[in-house]
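# Structural overview for review
What follows is each chain in one-letter form.
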Amino acid sequence: MSPDELHATPAVERPELAALDAATLRGALYRMHLIRKFEEVAEASYARGLVHGTMHLSIGQEASAVGATLPLASDDYILSTHRGHGHCIAKGADPARMLAEFFGKETGYCHGRGGSMHIADIETGNLGANGIVAGGLPIAVGVGMSIRMQKQSRVCVVFFGDGAANEGAFHESLNLASIWKLPIVFLCENNKYGMSMDVAHAMAVPNVADRASAYAMPGIVVDGNDLPAVASAAREAVSRARDGGGPSLVECKTYRLRGHSKSDRNLYRTKEEIEAWRARDPIRRLESELLDCGRFDAQAMKSIEREANAEIERALEFAKSSPAPDPAALTRDVYAG
Amino acid sequence: MPDDRSTIAGVRELSYAEAIREALAQAMEADPRVFLFGEDVGVYGGAFGVSGDLVHRFGTERVIDTPISELSLAGAAVGAALTGMRPVLEIQFADFVTLAMEQIVNQAAKIRFMFGGKASVPMVVRLPGGSGTGAAAQHSQSLEAWFAHVPGLKVVQPATPHDAKGLLLAAIDDPNPVLVFEHKLLYKTKGPVPSEPYRVPIGSARVAREGSDCTIVASSIMTLRALAAAERLAQEDVQAEVIDLRSLRPIDFATIAASVQKTRRLVIVYEGVKTMGIGAEIAARVAESELVHALLAPIVRLGGADSPIPYNPVLEKATVPQEQDIFAAAHALVDRS
């Protein structure tokens with residue numbers, strides 16, 4: 001889908017936006033800014049040599065992370081991907097401990113053992129990012145079984161990309177979730193490329209969501225850069241899962257404005273394409289709509305952004321000033337007990 | 001280590017398969033978090049009859065028939081374990097674990113470490129392995145060494161009905177992922193099994209027979225063959241000490257070392273392919289320690305040939321160590337030194 005095909009911002013408040021109260025919108029906007037600023041700071045830290053290894057930035061995809069988690073309660077579960085910073089922050093992770101993890105510090109979520117790709121925050125229901133494409137989908141099946149067996153009313157949202165939809169794990173997991181009617185939302189962030197592979201060349205169907213019919217579950221395509229639309233689709237899928245209706249597949253059409261990882265030289269896409277999607281920036285789009293509808297004035301929104309930026313600046317100081325892990329404790333957490 | 005079976009009342013003769021079934025039943029009776037799932041474990045009773053009537057005793061919510069989806073079943077075990085359950089997954093033939101490697105090696109084994117000790121994965125995978133049934137190359141492998149190579153996993157290999165029950169109960173209690181490699185030829189073997197629940201500690205080998213002339217370290221069915229060989233050796237005045245490894249990871253090197261210190265001769269026998277196998281690890285540990293000076297002769301390894309398991313029964317037997325091979329190797333070792 002090209003940006004031109006996505007519908008323009010309406011002049012009047014649409015139902016998807018009307019469904020969100022001021023506090024929810026404020027929180028959503030704040031978290032989108034947190035994610036954006038977090039990743040910009042992470043990227044800059046990498047460029048300055050403060051962070052080693054690699055990272056996968058989700059700049060441009062903030063609406064799907066925040067929108068998909070908006071209907072979730074604090075004890076609902078998510079499973080995330082290698083491009084998972086947004087999911088973690090959206091579910092309530094502390095950016096300071098995340099950034100400390102990037103810096104490999106003992107105060108990081110994983111005590112410097114996991115890095116960018118393996119952040120989990122069990123207390124906020126975040127069962128972990130995953131370095132393996134489609135690695136989270138089978139785990140979601142077990143989480144769904146566990147919720148069912150423990151007679152809980154929780155839901156599990158599992159994020160994955162378009163690339164994961166071509167892994168066997170995707171098909172096995174959707175089938176298992178469907179035959180057992182598990183409380184799972186399969187949340188595909190289709191950002192158009194599996195590393196460099198254009199999704200149009202990687203699938204014989206136009207939408208990942210088209211595959212839902214093979215597993216007798218709803219398959220919904222949504223503009224992934226449109227926060228109220230994502231929230232609306234997610235709310236319906238989450239309600240269905242919570243009410244015993246079984247799993248859904250929600251596909252957010254979005255775009256990563258940065259490369260796949262630090263090695264990406266953008267040889268597989270054009271500057272024009274990137275610029276066209278930059279014009280659909282999910283944060284600016286939401287702000288512009290909120291302004292048009294009179295939900296927030298420009299000053300209020302500026303202060304939300306400033307507040308988020310300040311939190312990330314504090315997170316950066318925390319990460320920089322935190323102690324490194326002790327090599328003597330290397331194997332401390334290989335085994336439990 | 002003294003044999004603990006005589007200290008527990010209510011000892012009966014059970015088959016290895018019955019002992020496993022009893023462990024599963026007692027674990028499910030004692031703990032509502034425990035459940036069994038896998039291909040044909042329900043009314044079929046398991047491909048090797050291990051689950052038997054469990055579905056009638058515990059219902060389809062706790063003894064769950066699944067589609068043929070090994071990767072996602074292993075992942076489901078991970079997800080259920082992460083969120084408060086104690087799953088036991090039966091992989092129908094150990095060979096099929098190759099389809100589930102991603103979830104076991106990348107996820108189950110690493111989650112605790114990657115997430116900085118914040119999560120644990122108390123799951124059990126039961127794997128019927130080994131040759132001797134005429135099932136040929138894709139249904140006869142002994143792959144335990146692969147998993148013993150992975151930090152974060154535990155690997156056990158019971159040889160007797162007693163240990164099949166005790167190790168499985170210990171595995172279900174364990175807060176880590178544990179792979180239980182059962183042997184298809186052992187399912188019908190009988191031995192004394194206490195009726196009460198008991199645990200055989202993971203990481204403890206067993207001196208199955210005491211002797212002074214030669215140590216034979218064996219695993220799984222090779223323990224039975226080593227004991228039979230030891231009886232014949234005794235008739236020729238060679239007293240072999242047989243150590244049943246029981247656990248590959250963690251390995252009980254102290255028990256091996258104490259025996260080698262005494263006998264000064266070492267034979268290691270296992271069914272998995274000899275090259276790069278568990279015998280190499282044990283031999284290397286001896287060679288790296290002061291024990292090497294106690295040896296009267298080079299260490300002997302007996303393992304699977306560098307060949308897939310063939311169909312023809314004569315060829316199949318020739319592929320893995322038999323009682324005669326162990327007898328001849330131990331005899332020659334004692335004769336030459």
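Residues numbered from 1 in each chain as written. Chains lettered and ligands numbered in written order. Predicted model: local features only at pLDDT ≥ 70, side-chain atom pairs only at ≥ 80, totals over all residues.

### Details of the overall build of chain B
The following threshold applies: The secondary structure listing takes helices from DSSP runs of H or I that are at least 4 residues long and strands from runs of E that are at least 2 residues long, numbered from the N terminus. For the radius of gyration, the atoms used are the C-alpha atoms, and the globule rule reads 2.2 Å times the number of residues raised to 0.38. Field definition: a residue is buried when 20 or more other C-beta atoms are found within 10 Å of its C-beta, exposed when 12 or fewer are, and partly exposed for counts in between, with C-beta atoms placed from the backbone. Contact definition: two residues whose C-beta atoms, as placed from backbone geometry, lie within 7 Å.
Check the secondary structure of chain B and you find 12 helices and 14 strands. Computed over the C-alpha atoms, the radius of gyration of chain B is 20 Å, within 12% of the 20 Å expected from 2.2 N^0.38 for a compact globule of 337 residues. For chain B, the spread of C-alpha atoms along the principal axes amounts to about 60 × 45 × 45 Å. Looking at chain B as a whole, 59% of its 337 residues are labelled buried. Sequence separation of 24 or more characterises 80% of the internal contacts of chain B that already satisfy a separation of 6 or more.

### Quick look at the domain arrangement of chain B
Residues and elements named next belong to chain B. Just so we agree on the cut-off: Note that the domain bounds reflect an automated or database-derived domain assignment. Only Asp, Glu, Lys and Arg are considered charged in this grouping, and only Ala, Val, Leu, Ile, Met, Phe, Trp, Tyr, Cys and Pro are considered nonpolar; every other residue, Gly among them, is considered polar.
Its domain assignment divides chain B into domain 1 (12-194) and domain 2 (206-336). Using C-alpha coordinates to define each centre, domain 1 is positioned 26 Å away from domain 2. Between domain 1 and domain 2, the contact holds 25 residues from the first and 24 residues from the second. Among the secondary structure elements, those contributing two or more residues to the side of domain 1 that touches domain 2 are α6 (144-148), β6 (154-156), α7 (161-173) and β7 (178-183). When its residues are assigned to classes, the side of domain 1 that touches domain 2 shows 13 nonpolar, 9 polar and 3 charged.

### Some remarks on the nonpolar core
Applicable threshold: What we call a nonpolar core is a set of buried Ala, Val, Leu, Ile, Met, Phe, Trp, Tyr and Cys residues whose membership is set by joining through C-beta atoms within 7 Å.
One finds Val 158 and Val 185 of chain A together with Val 125, Val 180, Ile 216, Val 267 and Ala 330 of chain B to be the most contacted residues of the largest nonpolar core, which totals 208 residues. Counting residues domain by domain, this core receives three or more from each of domain 1 (12-194) and domain 2 (206-336) of chain B. Not counting residues up to four positions away in its chain, the partners in contact with Ala 330 of chain B are Cys 214, Ile 216, Ala 229, Leu 233, Val 238, Ala 240 and Val 267 of chain B.

### Quick look at the pairing of β7 of chain B
Residues and elements named next belong to chain B. Convention followed: Strands pair, by our definition, only if DSSP identifies at least two bridges between them. Handedness of a crossover is defined as follows: orient the strands so they point away from the viewer, and if the path from the first strand over the helix to the second runs clockwise, the crossover is right-handed.
Taken across its 6 residues, β7 has 6 buried, putting it largely inside the fold. Covered by surrounding structure in β7 are Val 178, Val 180 and Glu 182 together with Leu 179, Phe 181 and His 183, the residues of both alternating faces. Pairing between β6 and β7: 3 bridges, direction parallel. The residue of β7 that forms the bridge with Lys 154 is Val 178. Read from β6 through α7 to β7, the crossover connection turns out right-handed.

### A short note on the interface of chain B and chain A
Each partner contributes to the interface: chain B provides 34 residues, whereas chain A provides 34 residues. Within the residue set of the side of chain B that touches chain A, elements represented by two or more residues are α3 (70-82), α4 (101-108) and α5 (111-114) of chain B. When its residues are assigned to classes, the side of chain B that touches chain A shows 17 nonpolar, 14 polar and 3 charged.

### Side note on the sheet that holds strand β13 (residues 266-273) of chain B
All names here are of chain B. What counts is decided by this rule: Every axis in this analysis is a line fitted to C-alpha atoms, fitted for helices over the stretch in contact. Angles between the N-to-C directions lie between 0 and 180 degrees.
Strand order across the open sheet formed by 5 strands is β9-β11-β10-β13-β14, with mixed pairing between neighbours. In this open sheet, the two strands that pair with only one neighbour each are β9 (206-209) and β14 (300-304). Averaged over all pairs of adjacent strands, the angle between strand axes in this sheet comes to 25°, irrespective of strand direction. On top of the sheet, helix α8 (residues 221-235) reaches β9, β10 (214-218), β11 (240-244) and β13; it is set at about 170° to β11, its chief contact. Across the face of the sheet, helix α10 (residues 278-288) comes into contact with β10, β13 and β14 while running at roughly 155° to β13.

### Observations concerning unusual backbone geometry
A cis amide bond, omega 0°, links Arg 249 of chain B with the succeeding residue Pro 250 of chain B. On the secondary structure map, Pro 250 of chain B appears in the loop between β12 (247-249) and α9 (253-263). Positive phi, close to 55°, is recorded for Lys 151 of chain A, a residue that is not glycine. In this structure, Lys 151 of chain A sits in the loop between α6 (136-149) and β2 (156-161). Using a count of 6 C-beta atoms within 10 Å as the deciding quantity, one classes Lys 151 of chain A as exposed.

### Considerations on the packing of α6 of chain A against helix α7 (residues 168-179) of chain A
Residues and elements named next belong to chain A. For clarity, the cut-off: Oblique is the label for any angle not under 35 degrees, not over 145, and not in the 65 to 115 range, which are roughly parallel, roughly antiparallel and roughly perpendicular in turn. Handedness of a crossing is defined here by the sense of rotation of the near helix relative to the far one, left-handed for an anticlockwise turn of less than a right angle and right-handed for a clockwise turn.
Close contact between α6 and α7 brings their axes to 8 Å; oriented N to C, the two are set at 15°. Overall, the two elements α6 and α7 adopt an arrangement that is roughly parallel. Once α6 is placed against α7, the crossing between them reads as left-handed. Every residue of α7 that contacts α6 at Leu 137, Pro 138, Ala 140, Val 141 and Gly 144 is listed here: Ala 169, Phe 170, Glu 172, Ser 173, Leu 176 and Ala 177. Of the residues in the contact of α6 with α7, the class split is 8 nonpolar, 2 polar and 1 charged.

### A closer look at the packing of helix α2 (residues 22-47) of chain A against helix α3 (residues 62-69) of chain A
All names here are of chain A. Close contact between α2 and α3 brings their axes to 10 Å; oriented N to C, the two are set at 140°. Taken together, the axes of α2 and α3 are oblique relative to one another. The chirality of how α2 crosses α3 is right-handed. Residues Ala 28, Arg 31, Met 32, Ile 35 and Arg 36 of α2 pack against Glu 62, Ala 63, Ala 65 and Val 66 of α3. Taken together, the residues of the contact of α2 with α3 break down into 6 nonpolar, no polar and 3 charged.

### Some words on the sheet that holds β7 of chain B
Residues and elements named next belong to chain B. With mixed pairing, the 7 strands of this open sheet are ordered in space as β3-β2-β4-β5-β7-β6-β12. In this open sheet, the two strands that pair with only one neighbour each are β3 (63-65) and β12. For this sheet the average axis-to-axis angle between neighbouring strands, irrespective of direction, equals 20°. The pairing of strand β2 (residues 34-38) with strand β4 (residues 86-90) spans 5 bridges and is parallel. Looking at the pairing, Gly 38 lines up with Glu 90 of β4. The strands touched by α7 are β2, β4, β5 (124-129), β6 and β7; relative to β7, the strand with the most contacts, the crossing angle is about 160°.

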